[in-house]
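Chain by chain, the residues run as shown.
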Amino acid sequence: MKKPKGGHDDHKVSSDPGVEKSITACLLSAAFFGALGSSFLYGYNLSVVNAPALYIKAFYNKTWVERYGNPIPAETATMLWSITVSIFAIGGLFGALSVSFIIKVVGRRGTLLLNNIFAVIAALLLSLGEISKSFEMLIIGRIVMGVNSGVALSALPMYLGEISPRHIRGFIGQFNSILICLGVFTGQVLGLPELLGQESRWNFLFSFLAVPAILQLCVLPFLPESPRYLLMEKRDEKAAEKAFQRFLGKKDVSQELEEVHAEARAQDNLHTVSVLQMLRSPAVRWQLITIIVTMACYQLCGLNAIWYYTNGILREAGFAENILPYITLSTGAVETLAAIISGLVIERIGRKPLLIFGFSSMAVFFSLLTVFLYFQNSVAWLPYLSYVCILAVIAAFCSGPGGIPFVLTGELFEQPYRPAAFMIAGTVNWLSNFAVGLLFPFIQEKLQSFAFLVFVVVCILGSTYLCVVLPETKNKTFMDISLSFARINKMPCPPPGHEIELTLSITPDKNGKTQEVTKMESFF
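Residues numbered from 1 in each chain as written. Predicted model: local features only at pLDDT ≥ 70, side-chain atom pairs only at ≥ 80, totals over all residues. Heavy atoms only, no water.

Draft legend 1. How the structure looks around the overall build of the chain. Within the chain, the secondary structure is distributed over 23 helices and two strands. For the chain, with 524 residues in total, the buried portion stands at 55%. Residue pairs in contact within the chain that sit at least 24 positions apart in sequence constitute 80% of those at least 6 positions apart. (Helix = DSSP H or I, 4+ residues; strand = E, 2+ residues; numbered from the N terminus. Buried < 20%, exposed > 50% of the residue type's maximum accessible area, 1.4 Å probe, protein only. Contact = heavy atoms within 4.5 Å.)

Draft legend 2. Geometry of a nonpolar patch on the surface. Residues V371, Y374, F375, L447, F450, L453 and V454 make up a contiguous nonpolar surface patch of about 590 Å² in total accessible area. Elements represented by at least two residues in the nonpolar patch include exactly α18 (351-375) and α22 (452-469). Relative to the helices and strands, V371 resides in helix α18. When its relative accessible area of 42% is taken as the criterion, V371 is described as partly exposed. (Patch = residues over 30% accessible without salt bridge, like charges linked within 9 Å, V, L, I, M, F, W, Y side chains within 5 Å. Areas by Shrake-Rupley, 256 points an atom, 1.4 Å probe, with all protein chains shown as cover. Salt bridge = Lys/Arg side-chain N within 4 Å of Asp/Glu carboxyl O.)

Draft legend 3. Spatial organisation of the environment of S86. With respect to the helices, strands and loops of the structure, S86 is situated in helix α4 (residues 74-128). Under the relative-accessibility criterion, S86 is labelled partly exposed at 31%. Sequence separation of S86 and I139 is 53 residues, and the distance between their C-alpha atoms is 9.8 Å.

Draft legend 4. Quick peek at α4. Given a rise of 1.5 Å per residue, 55 residues ought to cover 81 Å, yet the end C-alpha atoms of α4 are separated by just 25 Å, more than 12% below that figure. Most pronounced at G107, the bend in α4 amounts to some 110°. (Expected span 1.5 Å × (residues − 1). Bend = angle between axes of the 7 residues up to and from the residue.)

Draft legend 5. Up close: the pattern of salt bridges. For the coordinates displayed, the defined rule picks out eleven salt bridges. A salt bridge links E259 to R166; the shortest N-O distance between them is 2.9 Å. With E259 in helix α12 (residues 254-266) and R166 in the loop between α5 (135-163) and α6 (169-173), this pair connects stretches of sequence that are 93 residues apart. Classification of E259 as partly exposed rests on a relative accessible area of 24%. By relative accessible area, which is 14% here, R166 ends up buried. Here K250 ties to E256 by a salt bridge, and the two come within 3.1 Å at their closest N and O atoms. By relative accessible area, which is 14% here, E256 ends up buried. Taken together, the shared-partner salt bridges in this structure form one network comprising R108, E162, E233 and R418.

Draft legend 6. Representation of the environment of S399 within the structure. Tracing the backbone through its elements, the reader meets S399 in helix α19 (residues 382-399). For the pair formed by S399 and E335, sequence separation is 64 residues and the distance between their alpha carbons is 8.8 Å. Those residues in contact with S399 that sit more than four places away from it in its chain are A338, S342, L354, F357 and G358. Reaching out from S399, the side chain makes a polar contact with the backbone oxygen of A396 at a distance of 2.6 Å. (Polar contact = N/O pair within 3.5 Å; in protein donor to acceptor, adjacent residues only side chain to side chain.)

Draft legend 7. Representation of the nonpolar core within the structure. Counting 145 residues, the largest nonpolar core has M278, F366, L369 and F413 as its most contacted members. Broken down by element, this core gets its largest block of residues, 16 residues, from α4. (Core = buried A, V, L, I, M, F, W, Y, C linked by side-chain atoms within 4.5 Å.)

Draft legend 8. Spotlight on the packing of aromatic side chains. In the structure shown here, the tally under the stated rule is 20 aromatic pairs. Ring geometry for F40 against Y44: centres 6.4 Å apart, planes inclined by 15°, an arrangement best described as stacked. One end of the pair is F40 and the other is Y44, both in helix α2 (residues 39-47) and four residues apart, which spans about a single turn. Assessed through its relative accessible area of 5%, F40 is described here as buried. An angle of 75° between the planes, with centres 5.7 Å apart, marks the rings of F88 and W430 as edge-to-face. In this pair, F88 is assigned in helix α4 and W430 in helix α21 (residues 418-447), connecting sequence segments 342 residues apart. Taken as a pair, F88 and W430 share a single burial class, namely buried. Linked through ring pairs, F59, Y60, F135, W202 and F206 together constitute an aromatic cluster. Its end group placed over the ring of F135, R67 keeps NZ or CZ at 4.7 Å from the ring centre. One residue, R418, lies across the ring of F478, its end atom 4.3 Å from the ring centre. (Phe/Tyr/Trp six-rings, centres within 6.5 Å; stacked < 30°, edge-to-face > 60°. Lys NZ or Arg CZ within 6 Å of the ring centre and 35° of its normal.)

Structure (structure tokens):
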């Protein structure tokens, strides 16, 4: 068997001619259809409630009158609508908290497949609520869809990170972000008045939720499970070898198998750790802090608040109300385009520069937007510049901060820590999402056009932390990345080039078959 190379040559793409092989159809299919039934639905649900908002509120009022004989009180109507919108994040939190348990039982691919049950149930509840004259069905449907998204945003990045060769791990991981943006854009398009954004058709907007889920159910069962999960957790080397062969499109996958074996041996037979064990472990302390900071900045950087101002700025610019939905399509288009470009350049530029560039650019354009909003009543053409700033903020977000935090969560942790890491990252993500939705209206009421300065501070702090602490992870093995954090975690660090010493010899066993004897010096 080929002897593994030392830590410094370990991540050179040129070291293995097989690495240069083109991306296989199997790997692309797993990335696309895995994301289609997962992150696409999350993005779609972020935008789908905007177009039919007035019709849903009218349905709430009509149902209330039929039940109680009186129009719904204004406070109650506001409360029901707020619950309908915000409870999606509560469902997401439940999903994030449960994902590590589901993954342990059914695996990465199995979790994605099982998660489609929530999408189909949510589609039925949301689309049949009007016929059943039950606004409670819409609220329950939103929380069920939130559970689906909470599970998806943890299970999908984990699956994509584990099936990808390290030289394209970031590119494959960005399918998560690209499909989120495509989902947002699809929700905007289908919500147009000419399509499903009408009083007689709005429930079909929610019926569409079942389509990506069914497509994933039709394709994903024929694609392999994560080979790392099969080998390290299920101890099924034969299945792992077949999975590697299909994903990589080559027969000889001994180097990939040995890499996973080495990682398993370095963990000294450590089983999957719990969240509590992870929080107590000094070996991953700064990885955990980095993920918490990055995921909090992902939600608290202000992108969700941008949508609050978009239509108002367009009205100030003089655009007619009936063409606003078509103009706001530009936000979804810019979002999707920026995510695609980020996916194409991530392996050349790296994760760290894209994150720092994204957050820094957002701070700049938020500052400009604050100035333009403050003076927009004084100068007639300033609302146009405000809208350009909004598009620039969206593009900056999707260039890095919009997808890379999910990629990093899978990269900064080795196999035993990964499920707990995604559970913690998902919890921070959804709690931060809920906090922005809850607090921003009050911040906006108090600070008016200066509200975006809060997000400027968040973006500056986030980019500063990442600049100081985060190592570059592109084209590195998971063990290389762990070594990058060894010094800052004050863990024993092996001499350069000797992260793992492997002495391999082939000896015959009793039956005359070859047997691998391995000696390893671990840095743990």
